[in-house]
Amino acid sequence: MTSVGAPAHPHSGKSSSGFARARRTFRTWRRTRPFWAGLLVLLAAAPIIYFPYFNLSLGALSVAMSTTAGAGSLVIGLTLIVLGGLLWFQPIIRFFAGCVAVFLGVLSLPISNFGGFFVGTLLASTGGLLALAWGPVNTTEDAEATEDTEGPSGRTGE
């Protein structure tokens, strides 16, 4: 048995549920941008913002992680949130956003309690590097156009 003639989406001919249609739409949207890079950069902001304002009460003992670097941590965290959103909704600036996310992740080490106890730094750096590595997918029209114009040596016009 062969699947040569099988449709790519076997259930696309039938009326599909709203959930399945939304899932396919989200999958298509996600594949056209550095989704995972944006998600990691967004998640990096949480520990960087949270730990400088952290208060823990153990009975009568109160442990406060509040430092003078709270404002710096807030600025770094909010900037990472903006960069994560930009990676999702403006993927053309992925190189700039990736470089700034890596820079802010490393900058949060001395400013924000070791970068949210290294969790925020690792997430921001990983997300920024994923954004730098991501590239838009070539469509078949783009691949055919480059094959027609380039010779075997890769130079145009030979």
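Residues numbered from 1 in each chain as written. Predicted model: local features only at pLDDT ≥ 70, side-chain atom pairs only at ≥ 80, totals over all residues. Heavy atoms only, no water.

1. A short note on the overall build of the protein chain
Of the regular secondary structure elements, the protein chain holds seven helices and two strands. The secondary structure elements of the protein chain, listed N-terminal to C-terminal, are α-α-β-β-α-α-α-α-α. Burial status across the protein chain gives 26% buried among its 158 residues. Sequence separation of 24 or more characterises 65% of the internal contacts of the protein chain that already satisfy a separation of 6 or more. Of the roughly 10,400 Å² that the protein chain leaves accessible, carbon and sulfur atoms contribute 68%. (Helix = DSSP H or I, 4+ residues; strand = E, 2+ residues; numbered from the N terminus. Buried < 20%, exposed > 50% of the residue type's maximum accessible area, 1.4 Å probe, protein only. Contact = heavy atoms within 4.5 Å. Areas by Shrake-Rupley, 256 points an atom, 1.4 Å probe, with all protein chains shown as cover.)

2. Focus: unusual backbone geometry
Positioned with a positive phi, F118 is a non-glycine residue whose angle comes to about 70 degrees. Within the secondary structure, F118 is located in the loop between α5 (113–117) and α6 (119–133).

3. Regarding helix α2 (residues 35–50)
Between its first and last C-alpha, α2 extends 24 Å over 16 residues, near the 22 Å set by a 1.5 Å rise per residue. Of the residues making up α2, those classed as buried are F35, A37, G38, V41, A44, A45, P47 and I48. Lining the buried residues of α2 we find α1 (18–30), α3 (70–89), α4 (94–111), α5 and α6. (Expected span 1.5 Å × (residues − 1).)

4. Let's talk about the packing of α2 against α6
Closest axis-to-axis distance for the α2/α6 pair is 8 Å, and the angle between their directions is 160 degrees. Comparing the axis directions of α2 and α6 gives the class roughly antiparallel. Handedness of the crossing formed by α2 with α6: left-handed. Contacts between α2 and α6 pair A37, L40, V41, L43, A44, P47 and I48 from the former with V119, G120, L123, A124, T126, G127, G128, L130 and A131 from the latter. (Axes fitted to C-alpha atoms, helices over the stretch in contact; angles between N-to-C directions. Parallel < 35°, antiparallel > 145°, perpendicular 65-115°, else oblique. Left-handed = near helix turned anticlockwise from the far one by under 90°.)

5. Let's talk about the side chain of T121
Summarising the element assignment, T121 is placed in helix α6. Owing to a relative accessible area of 9%, T121 belongs among the buried residues under this scheme. A distance of 3.0 Å separates a polar atom in the side chain of T121 from the backbone oxygen of G105. (Polar contact = N/O pair within 3.5 Å; in protein donor to acceptor, adjacent residues only side chain to side chain.)

6. Brief notes about the confidence of the model for the protein chain
Per-residue pLDDT for the protein chain has a mean of 81; in total, 73% of the residues score no lower than 70. Taken element by element, the protein chain is modelled with least confidence in helix α7 (residues 140–149), mean pLDDT 56, and with most confidence in α6, mean pLDDT 95. (pLDDT = per-residue confidence, 0-100.)

7. Side note on the nonpolar core
Counting residues in each nonpolar core, the largest one holds 14 residues, and the members touching the most others are V41, I76, L80, L83, L87, A101 and L104. Of all elements in the fold, only α2, α3, α4 and α6 reach the threshold of two or more residues within this core. Top contributing element to this core by residue count: α2, with five residues. Leaving out residues up to four positions away in the same chain, A101 has contacts with V41, L80, L83, A124 and G128. (Core = buried A, V, L, I, M, F, W, Y, C linked by side-chain atoms within 4.5 Å.)

8. Here's the deal with the packing of aromatic side chains
What the rule picks out here adds up to 10 aromatic pairs. For the pair W29 and F89, a centre-to-centre distance of 5.8 Å together with 45 degrees between the ring planes defines the contact as tilted. In this pair, W29 is assigned in helix α1 and F89 in helix α3, connecting sequence segments 60 residues apart. Judged by relative accessible area, which is 56%, F89 ranks as exposed. Arranged with centres 5.2 Å apart and planes meeting at 5 degrees, the rings of F35 and W88 form a pair that is stacked. Here F35, found in helix α2, pairs with W88, found in helix α3; they are 53 residues apart in sequence, far enough to count as distant. The class for W88 is buried, based on a relative accessible area of 16%. An aromatic cluster is defined as three or more aromatic residues linked by ring pairs; in this entry it consists of F26, W29, F35, W36, W88 and F89. (Phe/Tyr/Trp six-rings, centres within 6.5 Å; stacked < 30°, edge-to-face > 60°.)

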